[in-house]
Amino acid sequence: MSCFISAISSPHRERCYFLKWMRMNLDNLSRTELSGLRELYKEKCKDSENKQEIKEIDQQLSSSSLGVEQFFREMGQIYEASLYLPETDPSRQQLQHLPKLCAQLLLDGFPLELVDGDASNIPLGWVSDVLSQLNDLVSPKNKILVVTVLGVQSTGKSTLLNTMFGVQFAVSSGRCTRGAFMLLIKVNEDFKKVLNCDFMMIIDTEGLKSPELAQLDNSHEHDNELATLVVGLSDITIINFAMENSTEMKDILQIVVHAFLRMKEVGKKPQCQFVHQNVSDVSAHEKNLRDRELLLEQLNEMTQAAAKMEKKEENKSFTDVMEYNPDTGNCYIPGLWNGNPPMAPVNAGYSETAYELKKNIIQQLGKCESTSNNILEFTEWITSLWNAVKHENFIFSFRNSLVADAYMRLCTEYNQWEWEFKKEMYKWVTTAETRISNFGSFAAKSKLSDMNEFMTELKSEAITELTKWETKILENLKKYFEQPEGHVYLVEGYREDFSNSIKSLRRQTERSVFNQITTTADIKEGLKELDKIRATYTEKIEKVVCALIDKCPDFKCLHKCVPSVTNKSFS
């Protein structure tokens, strides 16, 4: 890393040559390594018994794609670590120039990693300092507009951005973008009046619904968080689809809308542009009208469900939360290759359609009512939005708003059952404590003469009562999932969780009940012992006083005159 930092600290031309050749050499190393690993993976896949070895090779495949971005990520981590050193420490002072160096690289057209692809985290200290230095370098011309792309993995998002804006995001089949990268483009003087900005910030993101994360139960949480962050940062978001089918992004868009309704920090209405790739039919826009209308109807339904949950019923449709026009907000792009690679030429229609999409996006940005943010405002927006996403630990755990709504209904029902159960057990414990307090009179009427026997009987009654209520709540849960309305089938996966919660509630209540009645019994036994001690010491005091009276002539005379008074007084 010392060599790398030293090399990129060179003058402009040397730095560009160094990074270009380093990228080429790293690609060659990765290509050689990946080729051997893929052959080994193919051999091991023939034998179904080598599951562990296949898993290890798969991990090596994902770890063998080393690029320049990993070195920049490490540089940012070293800088963030140095911030914890004292300001006078020489090691910290040696690294103070790194943000300015990275800001110069941004101006030269190199991408900066915004979201760490491995840790799914934004290094706020590093990113904020880089953008602050960038603002100092370009001020007062620091107005920016942000364009982002979002879509399923391997649908050509990076290629589309490269074609539209002439940038160089890393693209190759099998080597997908990890995390999110932002890249700065200087706006020509001709377009500054149209866009009212000095720079465009292009953000490329990793693909959603990736096969690596699909095996995890909470993979949709990662997708929902990334999508909400990306859409929140942008002035316009390109929602990229593989073909005409848009259902793969429907659930994620619902959560984005729900998150915007839920998070108070989000105070703007983002625009979105739907792009369908690999669609070469010239009449695709007319033929897919019905599908677009159906998608919008579904998104409207989800928005209404989310708004009802968040008590913001004024939001009746998807377009109340996000700026979207079904007529102009869709674009159909043909395939990239004109024939079968590797000898196939690039399809000219792809570039032409991408250019039309670019013109449409620029027109939308020009009509945008909100004024362009400057770089410092964008930095503050990243910080506030990232903190909001990190602290939002509820809505991102659902696949879409209907699931969240059905889950909330089930939670409401469960809370009522839980409250009724706790109320009845509280009444039972109150009655049991009264019986323990009156055990003396109660024991005289019953065969129980020992407190331990009485406690055993009480605990048996408690277990019977707890079992009765546990069975009743489990039966209520079963009946709830048998009802036809309320989209209960969407939360079938949570059924076992609620069943376990009921059993856990019973165990917690049982411990609490046993502790309460045991404590009451201990107090009762303690008071009984106290009465015995008091009686014993009262008797001892009386004997001592009587002996003292017998020895003292004056008290003896008084005792003979009024014995009852003296005995009573000294007692």
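Everything quoted here is computed from the prediction, not taken from an experiment.

Under the 1.5 Å per step criterion, the end-to-end length of helix 4 (residues 68–82) is 21 Å for 15 residues, consistent within 8% with the ideal 21 Å. Of the residues making up helix 4, those classed as buried are V68, F72, R73, M75, G76, Y79 and S82. Where helix 4 is buried, its residues contact helix 1 (2–8), helix 2 (12–45), helix 5 (90–94), helix 6 (98–107), strand 1 (112–115) and helix 7 (124–138).

Relative orientation of the contacting elements helix 7 and helix 16 (residues 375–391) amounts to 165 degrees, with a least axis distance of 9 Å. The angle between helix 7 and helix 16 falls in the class roughly antiparallel. For the element pair helix 7 and helix 16, the recorded crossing hand is right-handed. Across the interface between the two elements, L124, V127, S128, L131, S132, L134, N135 and V138 of helix 7 pack against I375, L376, F378, T379, I382, T383, W386 and N387 of helix 16. Of the residues in the contact of helix 7 with helix 16, the class split is ten nonpolar, six polar and no charged.

Moving on: a negative patch on the surface. Taken together, the side chains of D450, E453, D522, E525 and E529 define an acidic patch exposed on the protein surface. Top contributing element to the negative patch by residue count: helix 20 (residues 495–551), with three residues. Tracing the chain through its elements places D450 in the loop between helix 18 (439–445) and helix 19 (451–482). With a relative accessible area of 34%, D450 lands in the partly exposed category.

Below, the discussion takes up the pattern of salt bridges. Inspection of the entire model under this criterion finds 15 salt bridges. The closest approach of N and O atoms between D531 and R534, which form a salt bridge, is 2.9 Å. Of this pair, D531 and R534 both sit in helix 20, three residues apart, which is roughly one turn of the helix. For D531, a relative accessible area of 46% puts it in the partly exposed group. Connected via shared salt-bridge partners are R73, E113 and D116.

The N-to-C vectors of helix 2 and helix 4 enclose an angle of 115 degrees; their axes lie 9 Å apart at closest approach. Judged by residue contacts, L19, M22, R23 and L26 of helix 2 engage V68, F71 and F72 from helix 4. Residue composition of the contact of helix 2 with helix 4, grouped by class: six nonpolar, no polar and one charged.

Reading the values: rules and limits
- Residues numbered from 1 in each chain as written.
- Predicted model: local features only at pLDDT ≥ 70, side-chain atom pairs only at ≥ 80, totals over all residues.
- Heavy atoms only, no water.
- Helix = DSSP H or I, 4+ residues; strand = E, 2+ residues; numbered from the N terminus.
- Expected span 1.5 Å × (residues − 1).
- Buried < 20%, exposed > 50% of the residue type's maximum accessible area, 1.4 Å probe, protein only.
- Contact = heavy atoms within 4.5 Å.
- Axes fitted to C-alpha atoms, helices over the stretch in contact; angles between N-to-C directions.
- Parallel < 35°, antiparallel > 145°, perpendicular 65-115°, else oblique.
- Left-handed = near helix turned anticlockwise from the far one by under 90°.
- Nonpolar A, V, L, I, M, F, W, Y, C, P; charged D, E, K, R; others polar.
- Patch = residues over 30% accessible without salt bridge, like charges linked within 9 Å, V, L, I, M, F, W, Y side chains within 5 Å.
- Areas by Shrake-Rupley, 256 points an atom, 1.4 Å probe, with all protein chains shown as cover.
- Salt bridge = Lys/Arg side-chain N within 4 Å of Asp/Glu carboxyl O.
- Lys, Arg positive; Asp, Glu negative; His and termini not counted.
- Charge placed at Lys NZ, Arg CZ, Asp CG, Glu CD.

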